[in-house]
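The primary structure of each chain is shown beneath.
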Amino acid sequence: MSEPRVVVIGAGVAGISTAHVLQQNGFTDWVVLEKGSDVGGVWYWNHYPGLTCDVPSQIYQFAFAPKADWERVWATGPQIQQYHRDVVDRLGLRDRIRCDTEVLAAEFDDVSGTWTLTLNTGETMVADFVVCATGVLHNPSIPDIEGLADFDGDVVHTARWDDSLVTDGRRIAVIGTGSTGVQVVSALQPKAAHLTHFVRSPQWVLWAPMWLPQLGLVSEAFKRVPGLLDQTHRALLWASGILADVVTTPSWRRRAVQAYARLSLRAQVPEPLREGLRPDDEPLCKRQVVSGSYYRAVKARNASLVTEGISRVEPAGVRTADGALHEADLLVLATGFRAHDYMRPMRVTGRDGITLDAAWADGPRAYRMTAIPGLPNLFTVLGPNSPTGSISLQYSADLTAKYIAQWLDRFRRGEIDRVEVTEEATAEFNRQVAEAMGPTVWNTGCNSWYLTEGGGIDLWPFDRATMDRMLAAPDDADFHVRSTATRG
Ligand code: NAP
């Protein structure tokens, strides 16, 4: 037996899932490094006003740590962040997680077959395996708008919100119309002196009552009736399979959801405002935005919608292409993320000096979301092609972590000491992905963070059964596996 030294990078949904699997499988030499000051990942970094998860809480949770008494059907960001903290404490994972610890570089040594990690603390750490659980929506995308640095008021990106910012009574400009922009506009408009929403590309917004409480008797039933919480979670996972079908396969169900999106706009917004809010693309093509309050917010007297392009930012506000100056005291950038960075800016250098930047010059690419040619003994959880648009993230993180644990177990049993996915298997998986993207709604012609530099769509186009099958057990034929017996 040779216990693998494992470093997990990131303590968000993917990192907590991985930690739980390592713990459950009796691995003893592992640590989670987290650059933030607490666990939670996106839920730690994001705390902008209005942050709510548009996936119901009873499914947006770990199957191994179900919570009976969510306060709301769609929990708020702070409630979800608290849940992650509670799970880590309850499962006894806290001692394994080192916060405020960023991995700046990871380099594979061909001779020893180990990874050396360079940390922000000045330390180095040696690992047999690295698991990158670094998330997708992590690095804020700051728009390249002329004059941004000259703005006299406050500028803040939603993913790095400053809780001391005063928002009430101010003239607020918000740039961005994704899930974040819609939430922050809805939250800030009621108490703003004026709110201007800059909409470069409008998005379809599905109406849903996001404020709905989870009834006390439901929470009580979950606590008292044995198995009910678990069964409900399973039922919701099954139902989310239908949602995945809506985006992956053309059907009357897809058309019904799309009709509902169009109705949400038509029923709530009168012309001429509706014209500015009507997207050119199909509903569901981008990550679907869900809100019960956005249209109300932009219709308010103290709000204006600006669809004219931004030409520059000036000290007093935002100048649009038509020459108008939209004065503001606070500029909120809801401009999204560099979603394809994944573990970067960490510098990753694999076998034979192969760098991740070079390997991913045309966009992120992995085998079954988890293995990358040229990077032996390194895996990703919620890596490229993860189902951010369909299947439960917690489910796929858990499944991937269990898959990785099987490789670690073979190392522990002394069977193997090095494993690297082949280029052929990765190319074949990516060919299957590209083919399966054909009938998906994401392939109907829209521009979003789903698209990679190379023109691919960075999502999971298959159903959950396919994911189960692909990650059930490692297939040695797809890997260069070095057994300890042949090491020489
Ligand atoms: P996003 O969907 O990428 O949207 C970014 C927005 O910024 C777009 O409207 C984009 O316009 C606009 N933008 C960027 N640069 C601009 C510029 N120079 N001038 C004008 N507009 C500009 O980002 P996000 O809203 O942060 O959402 C990202 C993802 O986070 C979501 O899709 C979702 O997966 C996740 N999220 C989830 C929740 C939840 O409730 N579960 C909440 C928030 C976020 P264009 O479209 O024209 O490029």
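Scroll up a little and you will see the structure.
Attention here is on the structure that accompanies the text. (Residues numbered from 1 in each chain as written. Predicted model: local features only at pLDDT ≥ 70, side-chain atom pairs only at ≥ 80, totals over all residues. Heavy atoms only, no water.)

**Some remarks on the overall build of the protein chain**
Helices and strands together make up the secondary structure of the protein chain, namely 13 helices and 21 strands. Taking 23 Å as the expected radius of gyration for a compact globule of 488 residues, we find that the protein chain reaches 23 Å, a close match to that expectation. Considered along the principal axes of its C-alpha atoms, the protein chain spans approximately 75 × 55 × 45 Å. Counting every position in the protein chain, which comprises 488 residues, the buried fraction comes to 55%. The long-range fraction of contacts in the protein chain, counting pairs at least 24 apart against all pairs at least 6 apart in sequence, stands at 72%. Carbon together with sulfur atoms contributes 52% to the accessible area of the protein chain, which is approximately 20,300 Å² in total. Between the averaged position of the 47 positive side-chain charges in the protein chain and that of its 58 negative side-chain charges there is a distance of 6 Å. (Helix = DSSP H or I, 4+ residues; strand = E, 2+ residues; numbered from the N terminus. Rg over C-alpha atoms; globule rule 2.2 N^0.38 Å. Buried < 20%, exposed > 50% of the residue type's maximum accessible area, 1.4 Å probe, protein only. Contact = heavy atoms within 4.5 Å. Areas by Shrake-Rupley, 256 points an atom, 1.4 Å probe, with all protein chains shown as cover. Lys, Arg positive; Asp, Glu negative; His and termini not counted. Charge placed at Lys NZ, Arg CZ, Asp CG, Glu CD.)

**Looking at the state of the cysteines**
Scanning all chains against the criterion turns up one disulfide. Two residues, cysteine 285 and cysteine 446, share a disulfide whose sulfurs are 2.0 Å apart. Across the S-S bond linking cysteine 285 and cysteine 446, the dihedral sits near -90°, which makes this disulfide left-handed. Of this pair, cysteine 285 sits in the loop between α8 (273-277) and β12 (289-291) while cysteine 446 sits in the loop between α12 (423-437) and α13 (464-470), and the two are 161 residues apart along the sequence. Here cysteine 99 is not disulfide-linked; the sulfur of cysteine 132 is the nearest cysteine sulfur, at 17 Å. (Disulfide = S-S within 2.5 Å.)

**Concerning unusual backbone geometry**
Going from glutamate 271 to proline 272, the amide bond is cis rather than trans, its omega being 5°. Looking at where proline 272 falls in the secondary structure, it is placed in the loop between α7 (252-268) and α8. Backbone torsion omega between arginine 344 and proline 345 reads 15°, so that peptide bond is classified as cis. Mapped onto the secondary structure, proline 345 falls in the loop between β17 (330-333) and β18 (347-349). If you check the backbone angles, leucine 284 has positive phi at about 80° while not being a glycine. Mapped onto the elements of the fold, leucine 284 is located in the loop between α8 and β12.

**Examining the site of the ligand**
Around the ligand sit 23 residues, and of these Thr52, Thr177, Thr180, Ser201 and Trp449 come closest. Here aspartate 54 contributes a side-chain N or O atom positioned 2.9 Å from a nitrogen atom of the ligand. One nitrogen or oxygen atom from the main chain of alanine 334 is found 3.4 Å from an oxygen atom belonging to the ligand. For the ligand, whose free accessible area comes to 910 Å², the fraction covered by protein is 84%. Ranked by residues supplied to the shell around the ligand, first place goes to helix α4 (residues 179-188) with three residues. Classifying every residue of the shell around the ligand gives nine nonpolar, 10 polar and four charged. (Near = heavy atom within 4 Å. Polar contact = N/O pair within 3.5 Å; in protein donor to acceptor, adjacent residues only side chain to side chain. Nonpolar A, V, L, I, M, F, W, Y, C, P; charged D, E, K, R; others polar.)

**Quick word on helix α1 (residues 13-24)**
In this model, α1 (12 residues) spans 17 Å end to end at C-alpha, consistent with the 16 Å of a helix rising 1.5 Å per residue. In terms of residue burial, α1 counts as a mostly covered element, since 10 of its 12 residues are buried. Listing the buried residues of α1 in full gives Val13, Ala14, Gly15, Ile16, Ser17, Thr18, Ala19, His20, Val21 and Leu22. Looking at the buried positions of α1, the neighbouring elements they touch are β1 (6-9), β2 (30-33), α3 (77-90), β7 (129-132) and α11 (393-412). (Expected span 1.5 Å × (residues − 1).)

**Comments concerning the sheet that holds strand β14 (residues 310-314)**
On the basis of which strands lie adjacent, the open sheet formed by three strands has the order β14-β15-β16 and antiparallel pairing. Only two strands of the sheet have a single neighbouring strand rather than two, namely β14 and β16 (325-327). Pairwise comparison of adjacent strand axes, ignoring direction, gives a mean angle of 25° for this sheet. (Pairing = 2+ DSSP bridges. Axes fitted to C-alpha atoms, helices over the stretch in contact; angles between N-to-C directions.)

**Concerning the pairing of strand β6 (residues 124-127)**
The two faces of a sheet get side chains in turn, since along a regular strand they alternate between them. Residues Met125 and Ala127 line the buried face of β6, whereas the alternating positions Thr124 and Val126 sit on a face that is not buried. Here strand β5 (residues 114-119) runs beside β6; their pairing, made up of four bridges, is antiparallel. Paired with threonine 118 across the bridge in β6 is threonine 124. Between the end of β5 and the start of β6, which pair antiparallel, lie four residues, with glycine 122 showing a positive phi angle near 95°.

**Quick notes on the side chain of arginine 412**
Along the chain, arginine 412 falls in helix α11. Within polar-contact distance, the side chain of arginine 412 engages the side chain of aspartate 409 at 3.0 Å.

**Structural notes on the packing of helix α6 (residues 228-248) against α7**
Orientation of α6 relative to α7, taken along the N-to-C sense of each, is 85°, at an axis distance of 8 Å. When the axis of α6 is compared with that of α7, the two are roughly perpendicular. Residues Ile242, Asp245, Val246, Val247 and Thr248 of α6 form the contact with α7, whose participating residues are Arg253, Arg254 and Val257. Residues that form the contact of α6 with α7 fall into these classes: four nonpolar, one polar and three charged. (Parallel < 35°, antiparallel > 145°, perpendicular 65-115°, else oblique.)

**Observations regarding the pattern of salt bridges**
All chains considered together, the criterion is met by 36 salt bridges. Residue arginine 94 pairs with aspartate 38 through a salt bridge whose shortest N-O separation is 3.0 Å. Of this pair, arginine 94 sits in the loop between α3 and β3 (97-98) while aspartate 38 is found in the loop between β2 and α2 (42-45), placing the two residues 56 residues apart along the sequence. Connected through shared salt-bridge partners, Asp409, Arg410, Arg412, Arg413, Glu415 and Asp476 make up one network. (Salt bridge = Lys/Arg side-chain N within 4 Å of Asp/Glu carboxyl O.)

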